[in-house]
Every structure is written in structure tokens, then in C-alpha cells.
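# Observations on chain architecture
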Amino acid sequence: MTRSIILGLLATMPALAQEGSQVFISRCMQCHSTTSTSHAPAPEALAQIPWQDVLNTLETGSMKVQAQNLSHDERIAVARFAGKDSGTQILPELTGFCAAGSKPAVSKGSWNGWGVDEINTRFQPREAAGLAASDVPSLKVKWAFGYPNGRTAYGQPTVVGGRVYTGSNDGTVYAIDARTGCLYWMYRAKALVRSSVVVGPDKRAYVGDLDANLYALDTETGKLIWQKKADAQPFARITGTPKLYDGRLYVPIASQEENAGANPIYACCKFRGNLVAFDAKTGAELWRTYTSPEPKPTIVGKNGVQYYGPSGATVWGSPTLDLKRNLLYILTGNGYSDPDIKTADAIMALDLSTGKVRWSQQATPDMFNWDCGPRGGGGNCPANHGPDEDFGSSGVLLDAGKGKQVVVAGQKTGVVHAFDPDQNGKIVWQTRIGKGSTLGGILWGIAGHNGIAYVPLSDIDRQKPESGGGLFAIDAATGKILWTTPPPRPACLGKPGCTAAQLAPPSLIEGVVFAGSMDGHLRGYEMSSGKIIWDFDATRTFPTTDGVTANGGSFSSTGPTVADGMLYVNSGYGGQGMAGNVLLAFSAK
Ligand code: HEC
């Protein structure tokens, strides 16, 4: 692997520099690979070494030179990714713990998981929200919590039983008092936690990490109840929030292998997207459904490396559960390597009980792996490759009038699609709202209520920071755009990472759409007209309950959650946006 490839890899993924698998792909794999001719131990051999020993090798041992440009946190991340997990936790040093023995106040509403309900509407009804449209203009910060790891505040807050649960950029999961912001407990997962926590009826909190580990924690203490590798494929990860229903956890599996495709000595690509159902009580696997068939040897690359395909069709987002039809919908990412498959860039409907594929419908095909990118060239780029504009998020089931329903989903192409669940996913309408790009078009998701989808547009262009962005209300029956609110001109123009793009999934209460922007503003829009009725600028420092110096930044991968009279949101997205490390809790009182 040449130096330019390594640097190229790093250049495109600064936001995820602390993700162990990313560091491994860009800094270790050129030597530590099964097909490498160097005498470096293969990944399977490294996996036998306790991760603390791997860390020592990087900090003081024979790999000191190879790791010299990595931060301490990156070394920890890559050591935990490459080495063996010993179960030892390293927790951040924080203050602001809740008084010993104290319990959260009784609460009326919860926002559990990504989509708030099974069908991913992201609409919180009046009673549970405890917040009316008329309260929104007077929302103020009630408390703030700082993440000690200062660049990106990942994870969407889950609010259940008076506690806020959130994952973070170094893998620490926090349980925080919803009213006061004091800290009940922390748990350190093996890798970064980007998806949301899901709370079960039996005092259990479930969460997945970017190394595809799934954890069941005690909601009262944060103690580990069980841990499970949700998928053993190399580079597998959990980015979409699992759904918990009737004692089962439905877990979407994504992967980082698309990036490894840029490395010509890596025998790409073998990853198969999948959805796996676990028994929530025991962690036992009940069924697993792949989105892509078994890969077979295809061509031999320029370096004599055997390549494989088909592959990919990653599941990035939280599944949608259609209890009426006993179906589970997933949106899939692109195929990584030839041959082409129809289940990539598609919606797939699985039987909720058995996992059997009932139907699938492709939207706009887009084969891709990073061998197609500027740093590739090993010969494994698919023949009819696209620009990497697949589905990165979830579908929402919406009423379309006359007893009909549609599943609406936004693609990175900039097109919103509606699929008919009663006609094997037949495309009912397609509405283009933007140009599309690898970071959307539509990236992290949409919301919907009363037959209308609320869709933010990214179309991020860092060369033209004032372009892109906007919020669209689209009629679920016809695909007609009912209103559009263009983005206000960003006040932060000129600041690195400041753009008008809107990547974050919106969240809804009766009468209001909340949507964050890469310009560091969280806005409340009148649901009927799109008029902005509240605008909060998070790009400043906040006093925090845990003593960590914290500032807000871009709103990107996750949206706000509303429960029991309060609104919670993570702010800060280094790399593609403005860095920040704060969890903000608002109330109108
Ligand atoms: C330029 C090639 C190269 C790169 C890059 C590289 N390594 Fe190594 N690594 C080796 C070789 C060769 C060895 C075998 C030991 C030796 O001869 O020093 C090794 C040994 C190791 C060992 C010690 C294994 C043992 O038996 O104790 C660990 C752990 C390790 N590497 C981890 C990493 C990690 C993690 C990275 C990325 C941050 C990395 N290496 C990057 C070539 C490399």
C-alpha cells in the first residue's frame, strides 16, 4: 500500500478517526492482512492478544513507530478492535454523579430507541411529549452534559423512566438523570457507540457498538448482563438502532468493508448485510437473514489477490416493524463488488416471525466500494459502479388515505421513494428534492405524521458552504411537495465545517418539526407551514453537570428526542462538520 493511499483513506474519514476498524484499515492493514507478504501477524493472530498488550505494543513496544501519529484514544480504539477483549472497562474521570441511592423522578413519557415507535415516525404524541407547540418558542437550556471525548457527540438520547441513555464517541454509554443531568452510571463498550440505547420492560438497556458487539445492561447499575458478537464477519458493525418487540431484539448489521476495498491487497469483498433476531432475555440467536448471497471468488486483482462477490447490501438504519402485516422492513446499502444484486439499494420485507424474505424492491442501483475512489485502483471496482448514493437510513410507514399505506424512505441520491407494502414494494412515487451526494441527498433519515413525510436535505458541499440544506414536507399519497423551507444563511460561514446542509433526522411533536443543521442551529418549524418558530444556536460553550468543558457544533447523525416536557439533543460533529461534545436538555419552564 502506498503512502498516498494511506493518506487518502485518512483524508476522507476524519470524523471517524477514533473508530478502531477505521484506524486498522488505514494504519495497520497494509502489513497485518491475511494476504500481506510481510511477516506481520495476521488479524486472526492479533485477535488472540489481550488488547492492553496490543496497546502497550503501540505505545512503548515494537509498533511505536507505526502508531506515532495516532492519538492515545485512537491507539485504545485500534487496540480494542484488533486485540482480545478482556472485559476491562476504562471509564472517563467525571464528576457530577447523582447522590448515592437516589432515583429518578417518576416520569410520564419516554422516547425509546431511534424512531420512537415501531414504524419510525419519530412523532411523539402530546401526552408523552409534555410539550405543546406554544411552549416551543420559550425552550431554554436547563442543563448540559459534556462528553470528555471532545469532537463528536454521537448517539441519539433515549429517555425512559426518568433517565437519559446515550452512547458516545469513545464507546462510553451514559445513564443520566432526565431532570437534573446528574450521572447514574457509565459503561464502556468495546468500540464507539453510534446507535441509540433501547430499554426493555425488565430493567434492561440494550445497545450495539461499531465492532458489532451487542450488550444487555442493567438499567439501574449499568452492569453487564450479557454480551454477544452480533456478527463475526470482519469489519461488521452496528450503526442502526435495534428494535425491541415482544421479547425479541431485531438488530441491523452494517460494515466497514467498503472502505477496506481501497486497499489492493485486501481480498475484498465478502461482507453480507443482514438482520438478526435475538432473544432479548438470553442473547440467543433466533434467526438471521442475509441481504446478499454467499460470495464466490471472482477476479484476480493487479496484485494477484483473489477478489470476491457479490457482497454488501449493508443495513445502516433501524428496521421498521409493520405489526399489522407481520413484516419487518430494512433499507439496504449498495452492493460492494460484482456481480450486481437486486437486493442492494433496496427495500426488503422480512417475515417478522421467521425472517423469511417476503419481497424486495430495488430503488436506484449504485454498486460501490472505495476501490472506485481516488485512492483505489486495485481492480475490484464494480463494472457499472455508481457514486455511493445508497440508502443510509430507515423507512417510515405512513397512511396514504383511502386505507392505503406506504413506506417512505430517502436515498442519498436526493430522491424520496414511496413503496406499496401491499404490492410487494411496488414504487408508488419518487420525488427528487436535491442533487444527491455520498453524504446525501437524504442521509440520516426522515420523519412522518398524518400522511406527511418531513425530509431534510443535505446536498453538502464544503466548497460552497451556503449551498444545500432545506426542509421539505411531502404528501405520502402523491409525493407532492406541500412546503419547503430553505435554510437560513449560516451565521457561522467561514468557520471550518460550517455549512447549510441538513443531515440530521427530524423529530416531531404535535404542530412542530424539530430539525438540526450543520450550521450548529436546532430549529423548530411550524408543521403546517414550515415557518421557523424557534432557532437555537448551539455553537458556544456551556456549563456542564459533569465538569467537562463542552461546546456545541453541527447537528448531524442523530436528532432530538422529546419526552415529559423536555427536549434532548447531542451537538457536535467533527470531521464533516463543526466539532462539539455536548448533550443539551431543554425545557420551556
Ligand atoms: C509497516 C508494517 C506494519 C504496520 C503498518 C503495522 N505493523 Fe504491527 N507488526 C508488523 C510486523 C512486521 C510485526 C512483527 C513483529 C516485528 O517484527 O516487529 C508486527 C507486530 C505487531 C504486534 C505484536 C505481535 C506480537 O507477537 O506481540 C502487534 C500487537 C501489532 N503489530 C499491532 C499493530 C497495529 C495495531 C498496527 C496499526 C496501528 C500495526 N501493528 C501496524 C508490521 C506492521
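Going by the structure above, here's the rest.
Presented here is a report on the structure given in the accompanying data block. (Residues numbered from 1 in each chain as written. Predicted model: local features only at pLDDT ≥ 70, side-chain atom pairs only at ≥ 80, totals over all residues. Heavy atoms only, no water.)

### What about the nonpolar core?
Membership of the largest hydrophobic core comes to 33 residues, with the highest contact counts inside it found for Phe24, Leu214, Phe235, Leu249, Val251 and Ile253. The set of elements that each furnish at least two residues to this core consists of helix H2 (20-27), helix H5 (72-82), strand E9 (213-218), strand E13 (248-255) and strand E14 (274-279). Mapping this core onto the domain boundaries places at least three of its residues in each of domain 1 (3-82) and domain 3 (241-386). Sequence-distant contacts of Phe24, that is, excluding residues within four places in its chain, are made with Met29, His32, Pro43, Leu46, Val78, Phe81, Ala82 and Phe235. If you look at the next biggest cluster of nonpolar residues, it comprises 21 residues, including Val512, Val562, Leu584 and Phe586. (Core = buried A, V, L, I, M, F, W, Y, C linked by side-chain atoms within 4.5 Å. Buried < 20%, exposed > 50% of the residue type's maximum accessible area, 1.4 Å probe, protein only. Helix = DSSP H or I, 4+ residues; strand = E, 2+ residues; numbered from the N terminus. Domains from an automatic or database assignment. Contact = heavy atoms within 4.5 Å.)

### Details of the coordination of the iron atom of the ligand
The iron atom of the ligand binds to the protein through His32 (NE2) and Met63 (SD); the donor distances cover 2.0 to 2.2 Å. Viewed at the metal, the six donor atoms of the iron atom of the ligand are separated by angles of 86 to 179°, and the geometry they form is octahedral. Of this pair, His32 sits in the loop between H2 and helix H3 (43-46) while Met63 sits in the loop between helix H4 (51-59) and H5; the two residues are 31 residues apart in sequence, bridging distant segments of the chain. Residue classification places Met63 among the partly exposed positions, given a relative accessible area of 25%. (Donors = N, O, S within 2.8 Å, 3.2 Å for Na, K, Ca; no water. Tetrahedral: all angles 85-135°; square planar, octahedral: opposite > 155°, others 65-115°.)

### Describing the packing of aromatic side chains
The final tally for this structure, using the stated rule, is 21 aromatic pairs. Taken together, a centroid distance of 5.0 Å and an interplanar angle of 85° make the contact between Phe368 and Trp370 edge-to-face. Phe368 gets classed as buried once you look at its relative accessible area, which sits at 4%. By the ring-pair criterion, three or more aromatic residues cluster together here, those being Phe514, Trp534, Phe536, Phe542 and Phe586. (Phe/Tyr/Trp six-rings, centres within 6.5 Å; stacked < 30°, edge-to-face > 60°.)

### A short note on the side chain of Arg272
Among the secondary structure elements, Arg272 is positioned in the loop between helix H7 (257-260) and E14. Ignoring sequence-local partners within four residues, the contact set of Arg272 consists of Gln233, Tyr290, Thr291, Ser292, Pro293, Glu294, Pro295 and Gly312.

### Brief notes about the packing of H4 against H5
Axes are the key here: two packed helices are described by the angle between their axes and the distance separating the axes. The interhelical angle for the contact between H4 and H5, taken along N-to-C directions, is 135°, at an axis separation of 8 Å. Taken together, the axis directions place H4 and H5 in an arrangement best described as oblique. Crossing handedness for the pair H4 and H5: right-handed. Here Trp51, Val54, Leu55, Leu58 and Glu59 of H4 lie close against H5, whose contacting residues are His72, Arg75, Ile76, Val78, Ala79 and Arg80. Grouping the amino acids of the contact of H4 with H5 by side-chain chemistry returns seven nonpolar, one polar and three charged. (Axes fitted to C-alpha atoms, helices over the stretch in contact; angles between N-to-C directions. Parallel < 35°, antiparallel > 145°, perpendicular 65-115°, else oblique. Left-handed = near helix turned anticlockwise from the far one by under 90°. Nonpolar A, V, L, I, M, F, W, Y, C, P; charged D, E, K, R; others polar.)

### What to know about empty space enclosed by the protein
Taken as a whole and assessed by the stated rule, the structure comprises three cavities of 30 Å³ or more. Each pocket or cavity is described by its volume, and for the second largest cavity that value is around 80 Å³. If you go around the second largest cavity, the residues you meet are Ala105, Val106, Ser107, Gly109, Val159, Gly162, Ala178, Arg179, Ala563, Asp564 and Tyr568. (1 Å grid on protein atoms, 1.4 Å probe; cavity = no way out; pocket = protein on both sides within 12 Å on 5 of 7 lines; lining within 4 Å. Points joined across faces, edges and corners; volume = space filled by probe spheres on them.)

### A few points about unusual backbone geometry
Note the cis peptide between Cys268 and Cys269, where omega equals -5°. Looking at where Cys269 falls in the secondary structure, it is placed in the loop between H7 and E14. The omega torsion of the bond from Gly309 to Pro310 falls at -5°, within 30 degrees of zero and hence cis. Inspection of the secondary structure assignment puts Pro310 in the loop between strand E17 (306-309) and strand E18 (320-322). Its identity as a non-glycine residue notwithstanding, Asn120 has a phi of 65°, on the positive side. By secondary structure assignment, the location of Asn120 is in the loop between H5 and strand E1 (123-124). On the basis of relative accessibility, which here comes to 0%, the residue Asn120 falls in the buried class. Look at Asn326: it is not a glycine, yet its phi comes out positive at around 50°. Along the chain, Asn326 falls in the loop between E18 and strand E19 (327-331). Exposure remark for Asn326: the relative accessible area of 29% places this residue in the partly exposed category.

### What to know about the pattern of salt bridges
Within this structure, the stated rule accounts for 21 salt bridges. Linking Asp422 and Arg325 is a salt bridge whose minimum nitrogen-to-oxygen distance equals 2.8 Å. Remark: Arg325 occurs in the loop between E18 and E19 and Asp422 occurs in the loop between strand E24 (415-420) and strand E25 (426-432); sequence separation between them is 97 residues. Between Lys412 and Asp390 there is a salt bridge; the shortest N-O distance is 3.0 Å. One end of the pair, Lys412, is in the loop between strand E23 (405-410) and E24; the other, Asp390, is in the loop between strand E21 (357-362) and strand E22 (396-399), and 22 residues separate them in sequence. The pair formed by Lys412 and Asp390 is uniform in burial state, with each residue classed as buried. Within this structure, Lys103, Arg163 and Glu220 form a network of salt bridges that share partners. (Salt bridge = Lys/Arg side-chain N within 4 Å of Asp/Glu carboxyl O.)

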